[in-house]
Amino acid sequence: MEKQKDDQKYVFYGGPASESVDAGFRSLGELIIKRLRENGNGVGFIDGVSGQTTTFEDVLEQSVRLANRFHRIGIKKNAVVAIMCENRIEIPLIAFATIYMNAIPVLLNPAYTARELEHVLKIIQPRAIFASSAALKTVLEVSSRVPKIGMITLIGSKDRPNPKITLLQELFDRNKLKTAKFFTPQPVNLKDQVALMVLSSGTTGLPKAVQLTHYNVMTVLANLRESNKDSPLSPDDCALGLMPFFHVYGFIVLLGGLTNGRKIVSLPKFEPDLFLSTIEKYKVASASLVPPLMVFLAKHPLVDKYDLSSLLMLGCGAAPLSKEIEDSVRKRLPNVQMMVTAYGMSESSLAVLQRSSGKAGSVGKVAKTNWVKIIDVNSGKTLGPNQVGEICVKGPMVMKGYLKNDKETRSMIDQDGWLHTGDTGYFDEDEEFFIVDRIKDLIKYKGFQVAPADVEAVLLTNPSISDAAVIGLPDEAAGELPMAFVVLQPGKQLNEADVQKWVSDRMSNHSHLRGGVRFVTTIPKTASGKILRRNLRAGLKKSKL
């Protein structure tokens, strides 16, 4: 890893991309079309529930036919197209068609409440919305309050609920273009033109629309192609598409698979038996997961009932993964040859720190094309080894900004181009990085800082605990007291004192659970696996009213 050649000793650079980021393509759409064409008639997408298969050639032909129709109905450059759907083949078809037109697909969570959806739609003002049956009710509820929506289209149904709804199959151009060889997207300014918008997860408030340019996304794809060279996978091995495609993590897994010739087996959501049986049935070799699913693989008794020997590679991101859980997964699934942990966010297009070897519990070193430094939260001074501070990122993967929110953009990206992530971490003498927690989530106990993720990691080493979350309980004398919410394994029993002793035997005094323990059935999380601590705090406040 290179260091910046100036007086800031501890600013790290991951090095240049090994291959050209734009690879000679004048738009992301042109790249997608060329790669799909190269991948030919091999199966590119399998619906893990229905078993329906789609070839790369089919994805190309159908997305181009849809793009042709988009052109005729006025979905052109910079038009916004919202997609609100669980994981299905229609997501890449619609998103790719939109990108070909240099219009902008926006990926929305189908579980948004009416309040959240109305907030988002008023920001993005889409020309059209494509919604699955599960999401349509919410779309119709708020559409009258967002007058600029020109078209609402239903995905995955042949029945029209009312005359104002378009059915997706009606939009495919009837003129089939064999291999779509005559279709070429218009060139764009790669570093300025927005290619995709995703919504920030909204863990601390209502979501914001993150604008990712053609160059942002092409940089991620270039890095993925390079990392694939070191993977233990063969060209015929398939990957699991379980992470939500509306999240940047899930969409890049999908986009990377389809453009790099990797077959994706898609699931709409996590269900324990379906998840495990899909891996067994399709001999899934690679799975991109989040820490709660790694905990499931490490601890759930159901895992032993399935043959998961096909798994050669696991990826984990979106939240910190503890060393203990990583070690437990490796022990339980000995065929796994590579475990990739990474750190990134929607605002940085994806992973800016990544590890496929090295120390368990770390997120590795700086990924190619990125600059990273750790700064003191108060002074802004660049910190050295083993000093905890805010993670800052710079480079071609940093977003263009939040849509229609210059204030929030300026609060995230400073005048020198550094993205202030709001996450704390540190690097060690070997320049490996470790994530601590969100700055806003750190608990302040008598002047000491307690990272909830550290306490949660210790709780999860208890064989009777299946999940846990820690927050700060306001206290007049101490400031905040660490408090735990705990989900027990089926058939196991623990009381509050047992849980408190488990932590006090293993952690320093300021991390002890003086705020108490609450036993719950589930921990609220975002679709990408991040704990919704604000929901826990709100529930606690409500219960005391």
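Residues numbered from 1 in each chain as written. Predicted model: local features only at pLDDT ≥ 70, side-chain atom pairs only at ≥ 80, totals over all residues. Heavy atoms only, no water.

**What about unusual backbone geometry?**
One non-glycine residue, Ala23, lies in the positive phi region at around 50°. Following the sequence through the fold, Ala23 ends up in the loop between β2 (12-13) and α1 (28-39). (Helix = DSSP H or I, 4+ residues; strand = E, 2+ residues; numbered from the N terminus.)

**Topic: the packing of aromatic side chains**
This structure, assessed with the given rule, holds 13 aromatic pairs. With centroids separated by 6.5 Å and ring planes inclined at 65°, the aromatic side chains of Phe45 and Phe245 adopt a geometry described as edge-to-face. Within this pair, whereas Phe45 is found in strand β3 (residues 43-47), its partner Phe245 is found in the loop between β12 (238-241) and α7 (248-259), the two being separated by 200 residues in sequence. Note on accessibility: Phe45 and Phe245 belong to one class, buried. Between Phe427 and Phe433, the ring centres sit 5.5 Å apart and the planes meet at 45°, which makes this aromatic pair tilted. Just as Phe427 is buried, Phe433 falls in that class too. (Phe/Tyr/Trp six-rings, centres within 6.5 Å; stacked < 30°, edge-to-face > 60°. Buried < 20%, exposed > 50% of the residue type's maximum accessible area, 1.4 Å probe, protein only.)

**So, the pairing of strand β6 (residues 104-108)**
With five of its five residues buried, β6 lies for the most part within the structure. Neither face of β6 is exposed, since Ile104, Val106 and Leu108 on one face and Pro105 and Leu107 on the opposite face are all buried. Sheet topology places strand β5 (residues 80-84) next to β6; five bridges connect them, and they run parallel. Opposite Ala82, over in β6, you have Val106 as the bridge partner. Where β6 meets strand β10 (residues 194-199), two bridges bridge the pair, whose relative direction is parallel. Following the sheet pairing, Val106 is matched in β10 by Met197. (Pairing = 2+ DSSP bridges.)

**What about the side chain of Thr369?**
Take Thr369: it is sitting in the loop between β18 (365-366) and β19 (371-375). On the basis of relative accessibility, which here comes to 8%, the residue Thr369 falls in the buried class. For Thr369, the contacting residues outside a window of four places in its chain are Tyr13, Gly14, Gly15, Ala17, Thr219, Asn223, Lys394, Gly395, Pro396 and Met397. (Contact = heavy atoms within 4.5 Å.)

**Things to note about the environment of Gly491**
The topology assignment puts Gly491 in the loop between β27 (479-488) and α13 (496-504). Accessibility expressed as a relative area gives 83% for Gly491, which makes it exposed. Put simply, Gly491 and Ser464 are 27 residues apart on the chain and 8.7 Å apart in space, counted from C-alpha to C-alpha.

**What about the packing of helix α9 (residues 291-299) against helix α10 (residues 323-332)?**
Helix-helix packing is characterised by the crossing angle of the two axes and by the distance between the axes. Packing of α9 against α10 leaves a shortest axis separation of 8 Å and a crossing angle of 50°. Between α9 and α10, the crossing angle belongs to the class labelled oblique. Crossing geometry of α9 relative to α10 is assigned as left-handed. For the pair formed by α9 and α10, the contact residues are Met294, Val295, Phe296, Leu297, Ala298 and Lys299 on the first element and Ile325, Ser328, Val329 and Arg332 on the second. For the contact of α9 with α10, a count of residues per class yields seven nonpolar, one polar and two charged. (Axes fitted to C-alpha atoms, helices over the stretch in contact; angles between N-to-C directions. Parallel < 35°, antiparallel > 145°, perpendicular 65-115°, else oblique. Left-handed = near helix turned anticlockwise from the far one by under 90°. Nonpolar A, V, L, I, M, F, W, Y, C, P; charged D, E, K, R; others polar.)

**Here we look at the sheet that holds strand β8 (residues 151-155)**
With mixed pairing, eight strands are arranged side by side in an open sheet as β9-β8-β7-β5-β6-β10-β11-β21. The open sheet has two free edges, formed respectively by β9 (165-167) and β21 (401-402), since each of these has just one partner strand. Docked against the sheet, helix α4 (residues 114-124) engages β5, β6, β7 (128-132), β10 and β11 (209-213), running at close to 170° with respect to β6.

**Remarks on the state of the cysteines**
Taken as a whole and judged by the stated rule, the model has zero disulfides. With no disulfide partner, Cys238 has as its closest neighbouring cysteine sulfur the one in Cys316, 20 Å distant. (Disulfide = S-S within 2.5 Å.)

**Focus: the pattern of salt bridges**
Summed over all chains, the structure comprises 22 salt bridges. With a closest N to O distance of 2.8 Å, Glu118 and Lys122 form a salt bridge. With Glu118 and Lys122 both in helix α4 and four residues apart, the pair spans about one turn of that helix. According to the relative accessible area criterion, Glu118 is buried, its value standing at 17%. Within the structure, one salt-bridge network assembled from shared partners comprises Asp441, Glu456, Arg533 and Arg537. (Salt bridge = Lys/Arg side-chain N within 4 Å of Asp/Glu carboxyl O.)

**Things to note about the sheet that holds strand β13 (residues 263-266)**
Either a parallel or an antiparallel arrangement is found when strands of a sheet pair, and the pairing is made through backbone hydrogen bonds. Within the open sheet, the nine strands sit side by side as β4-β3-β13-β12-β14-β15-β16-β17-β18. Their pairing is mixed. At either end of the open sheet lies a strand with only one pairing partner, and these are β4 (53-55) and β18. The sheet contact formed by strand β16 (residues 338-344) and strand β17 (residues 351-355) spans four bridges and is antiparallel. When the bridges of β17 are listed, Ala342 appears paired with Gln354.

**Points about α9**
Among the nine residues of α9, eight are classified as buried, and the element is accordingly described as predominantly covered. Buried within α9 we find Pro291, Leu293, Met294, Val295, Phe296, Leu297, Ala298 and Lys299. Turning to α9, the residues buried within the fold contact α8 (272-282), β14 (286-289), β15 (313-316), α10, β16 and β26 (465-475).

**Focus on the confidence of the model for the protein chain**
Across the protein chain, the average pLDDT comes to 90, with 96% of residues at 70 or higher. pLDDT under 50 marks residues 2-7. Its contacts with residues more than four places away, or in other chains, come to 14 contacts. (pLDDT = per-residue confidence, 0-100.)

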